[in-house]
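Residues per chain are reported as follows:
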Amino acid sequence: MSTLNSINEFARGSATIKLIGVALLALLLLIPASLVDSLIYERQQLRDQAVNEIASTWGGPQRLVGPVLQVPYTQTLQSRSSDQDLVESGSAYFLPDQLTLDGSTTSEQRYRGIYVAVLYTGQVRVSGRFDSLAIERLAVNRTDLDWSRARLSFGVEDLRGIDSLSTLEFGTQRLNFEPGTPAGGIVGTGFQASVNLDPSASDLRFAFDLSVRGSSALTFMPLAARTSVRLKSDWDTPKFVGAFLPDERTVDDTGFGASWTVLEVNRPFAQEGTRRLGQPPIQPLDHRFRSAAAGDDLYYIEPTRMRPTEAGSVSFDGYDFGVQYLLPVDEYRKIERSAKYSALFIAATFLTFFFIEVLNRRRLHPVQYLLVGFAIVLFYILLLSLSEHVGFDLSYLISVSLILGMVTAYSYAVLRNIKLAVLVMGILGLLYGFFYSLLQLEEYSLLLGSFGLLAALATVMYLTRGTNWYKLSLADPAD
């Protein structure tokens, strides 16, 4: 029995065993800390769902594509190995030589409960020209093209956002747009107009006005040999996104202005083609055909026996550019960043109480460590719930005040020493202030955090420089 008591007394008084126990408690508290991360993600999902519901009745992120000139063709292909002819139908596509999109947007915020979405209404003037149609670059005879069924199409990502659309000025013609795009077109959802086209004409100019509603983002696709985009808005917190940044931009309290210029050589798709752009190129197999109207030098691949090559595929995806309409402060992003420091904060707080035990011979029970740890985890839940209503900075101040006051009062009740309680309050207050600075200085957070940890380690080393850890005991001297 005396041996068991001796082991028990050794365990209670051993600083090494106590430190191991404190470390295990800190690891245990990472479980509720991870649940806080899940709660933050859940609230973000609810916010995104509310924003999507608002966008579903107004208009989602908009992408403007085009215009594209599409001309159907039908050609007869004669096999060199049989007497059977093959009739092939398809469309030839021509992209503009010059395209200018001149737009302006007005923005507003709409609320669904406590969540907010950024909406905009844009006025866009679309103009440009086709200098000439490079029919000779197509694998189709000029006589096979049906110019009477030529169509000019323009793509809009979310058709619900179209407010108004003017008539199309195409050369000397004034044409009305129709809903939908040609079958097999390359612009996706949008609208089209039938155009009377003279294939020998040059400098075919076009223009129309578009009013479009959207949310979150507005992007453009550079489908011309030279695409110029000018955009201005009253929104003062934009984020320029996509494959190309603006050549010029201005951002101030009244809004932003930006301009882009993208050339044909900046993107990997050609100005004309006889297949849907974005599909991989084809390789010939063993069967070849030649046009019945052409000479023996003009050959075609049998359409039913095409197969893609492994390399060289072309796609529109990844080549659009534009702007996102960001909220001035993303509360969830800041809370998510602050929660990443929870493990470090728990460790720093537990070390503070451990060294109070070591340097002042004050005995603390593991349950008391856990209660303080739960208070630290509760800080992030308070911060999350308050930020959804009063903003991050004020929420941080309120949460720190509540947790700091509670832990300080508990420390005084446990330690029975006003000086030690004030010391705990000062150290925790310094830690909360330090981590708040890390959240504000995104670009220098790593640098500040590194020197902060260096200073903390140097302080611990200085305070314990004369401690003999082999002979250190946590037992009360009165015992």
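Keep in mind that what you see is a predicted model, and the values were worked out from it rather than measured.

Q: Explain the overall build of the protein chain to me, please; I cannot follow it from the model alone.
A: Tallying secondary structure elements over the protein chain gives nine helices and 22 strands in all. Relative to its full complement of 479 residues, the protein chain shows a buried share of 43%. Long-range contacts, defined as pairs at least 24 residues apart, comprise 76% of the intrachain contacts of the protein chain with a sequence gap of at least 6. Of the roughly 25,000 Å² of accessible surface on the protein chain, a fraction of 56% belongs to carbon and sulfur atoms.

Q: Explain the pattern of salt bridges to me, please; I cannot follow it from the model alone.
A: Opposite charge on two side chains allows them to pair when their charged atoms are near. Enumeration according to the criterion identifies nine salt bridges in this entry. Ionic pairing is found between Asp 102 and Arg 230, a salt bridge with its closest N-O pair at 3.1 Å. Within this pair, whereas Asp 102 is found in strand β3 (residues 98–112), its partner Arg 230 is found in strand β13 (residues 226–233), the two being separated by 128 residues in sequence. In this structure Asp 102 comes out as partly exposed when scored by relative accessible area, which is 34%. Across the salt bridge formed by Glu 178 and Arg 151, the nearest N and O atoms sit 3.3 Å from each other. Taken together, the residues span a long stretch of sequence, with Glu 178 in strand β9 (residues 178–179) and Arg 151 in strand β5 (residues 151–156) at a distance of 27 residues. Owing to a relative accessible area of 24%, Arg 151 belongs among the partly exposed residues under this scheme.

Q: Can you help me understand helix α6 (residues 366–390) in this one?
A: Residues three or four positions apart in an α-helix share a direction because the helix packs 3.6 residues into each turn. Relative to the 36 Å expected for 25 residues at 1.5 Å per residue, α6 spans 36 Å between its end C-alpha atoms, a close match to the ideal helical length. Just past α6, the residue Gly 391 takes up positive phi, approximately 90°.

Q: Before we go on, may I ask you to explain the nonpolar core in this structure?
A: The tendency in soluble globular proteins is for nonpolar side chains to be buried side by side. Judged by nonpolar contacts, the single largest core of 51 residues is most densely connected at Leu 168 and Phe 170. Residues Tyr 115, Ile 356, Leu 383 and Tyr 396 belong to the second largest nonpolar core, which totals 46 residues.

Q: Explanation requested: a nonpolar patch on the surface in the structure shown.
A: A contiguous nonpolar patch, built from Val 390, Leu 394, Leu 397, Ile 398 and Leu 402 and spanning about 420 Å² of accessible area, is present on the exposed surface. Turning to its location among the elements, Leu 397 is positioned in helix α7 (residues 392–415). On the basis of relative accessibility, which here comes to 53%, the residue Leu 397 falls in the exposed class.

Q: Just to check I follow, could you spell out the packing of helix α4 (residues 331–339) against α6 for this structure?
A: A pair of packed helices can be characterised by two numbers: the angle between their axes and the separation between those axes. Put simply, α4 and α6 touch, their axes get as near as 10 Å, and they point 170° apart. In terms of orientation, α4 lies roughly antiparallel with respect to α6. Along its contact with α4, which presents Glu 331, Tyr 332, Ile 335, Ser 338 and Ala 339, the element α6 presents Tyr 380, Leu 383, Leu 384, Ser 387 and Glu 388. In terms of residue class, the contact of α4 with α6 is built from six nonpolar, two polar and two charged.

Q: Sorry, what's going on with unusual backbone geometry here?
A: Keep in mind that most residues, glycine aside, have a negative phi and that most peptide bonds are trans. Here the phi dihedral of Ser 216 falls at roughly 75°; this positive angle occurs in a residue that is not glycine. Tracing the backbone through its elements, the reader meets Ser 216 in the loop between β11 (204–215) and β12 (217–220). Not every positive phi belongs to a glycine, and Arg 416 is a case in point at roughly 55°. Along the polypeptide, Arg 416 turns up in the loop between α7 and α8 (418–440).

Q: Looking at this structure, I do not really get the environment of Phe 94. What am I missing?
A: One can find Phe 94 in strand β2 (residues 85–94). The class for Phe 94 is buried, based on a relative accessible area of 2%. Sequence separation of Phe 94 and Gln 70 is 24 residues, and the distance between their C-alpha atoms is 6.5 Å. When sequence neighbours within four positions are dropped, the list of residues in contact with Phe 94 reads Val 68, Leu 69, Val 71, Phe 130, Leu 133, Ala 134, Ile 135, Leu 138, Gln 271 and Glu 272.

Q: How should the packing of α7 against α8 be read in this particular structure?
A: For the pair α7 and α8, the least separation of the axes is 9 Å and the interaxial angle reads 160°. Accordingly, the angle class assigned to the pair α7 and α8 is roughly antiparallel. Crossing angle aside, the handedness with which α7 passes α8 is right-handed. Where α7 approaches α8, its residues Phe 392, Asp 393, Tyr 396, Val 400, Ile 403, Leu 404, Val 407, Thr 408, Ser 411, Tyr 412 and Leu 415 are matched on the opposing element by Ile 418, Leu 420, Ala 421, Val 424, Met 425, Leu 428, Gly 429, Tyr 432, Phe 435, Tyr 436, Leu 439 and Gln 440. Of the residues in the contact of α7 with α8, the class split is 18 nonpolar, four polar and one charged.

Q: What should I look at first to understand empty space enclosed by the protein in this one?
A: One simple way to see leftover space: roll a probe sized like a water molecule over the atoms. By the definition in use, this model includes three cavities of 30 Å³ or more. The space that makes up the largest cavity amounts to roughly 70 Å³. Broken down by secondary-structure element, the contributors of at least two residues to the lining of the largest cavity are α5 (342–360), α6 and α7. Split by residue class, the lining of the largest cavity holds eight nonpolar, two polar and no charged. One number sums up the size of the second largest cavity: a volume of about 50 Å³. If you trace the second largest cavity, you find it lined by Ser 338, Tyr 341, Phe 345, Phe 379, Tyr 380, Tyr 396, Tyr 432, Phe 435 and Leu 439.

Cut-off values and rules
Residues numbered from 1 in each chain as written. Predicted model: local features only at pLDDT ≥ 70, side-chain atom pairs only at ≥ 80, totals over all residues. Heavy atoms only, no water. Helix = DSSP H or I, 4+ residues; strand = E, 2+ residues; numbered from the N terminus. Buried < 20%, exposed > 50% of the residue type's maximum accessible area, 1.4 Å probe, protein only. Contact = heavy atoms within 4.5 Å. Areas by Shrake-Rupley, 256 points an atom, 1.4 Å probe, with all protein chains shown as cover. Salt bridge = Lys/Arg side-chain N within 4 Å of Asp/Glu carboxyl O. Expected span 1.5 Å × (residues − 1). Core = buried A, V, L, I, M, F, W, Y, C linked by side-chain atoms within 4.5 Å. Patch = residues over 30% accessible without salt bridge, like charges linked within 9 Å, V, L, I, M, F, W, Y side chains within 5 Å. Axes fitted to C-alpha atoms, helices over the stretch in contact; angles between N-to-C directions. Parallel < 35°, antiparallel > 145°, perpendicular 65-115°, else oblique. Nonpolar A, V, L, I, M, F, W, Y, C, P; charged D, E, K, R; others polar. Left-handed = near helix turned anticlockwise from the far one by under 90°. 1 Å grid on protein atoms, 1.4 Å probe; cavity = no way out; pocket = protein on both sides within 12 Å on 5 of 7 lines; lining within 4 Å. Points joined across faces, edges and corners; volume = space filled by probe spheres on them.

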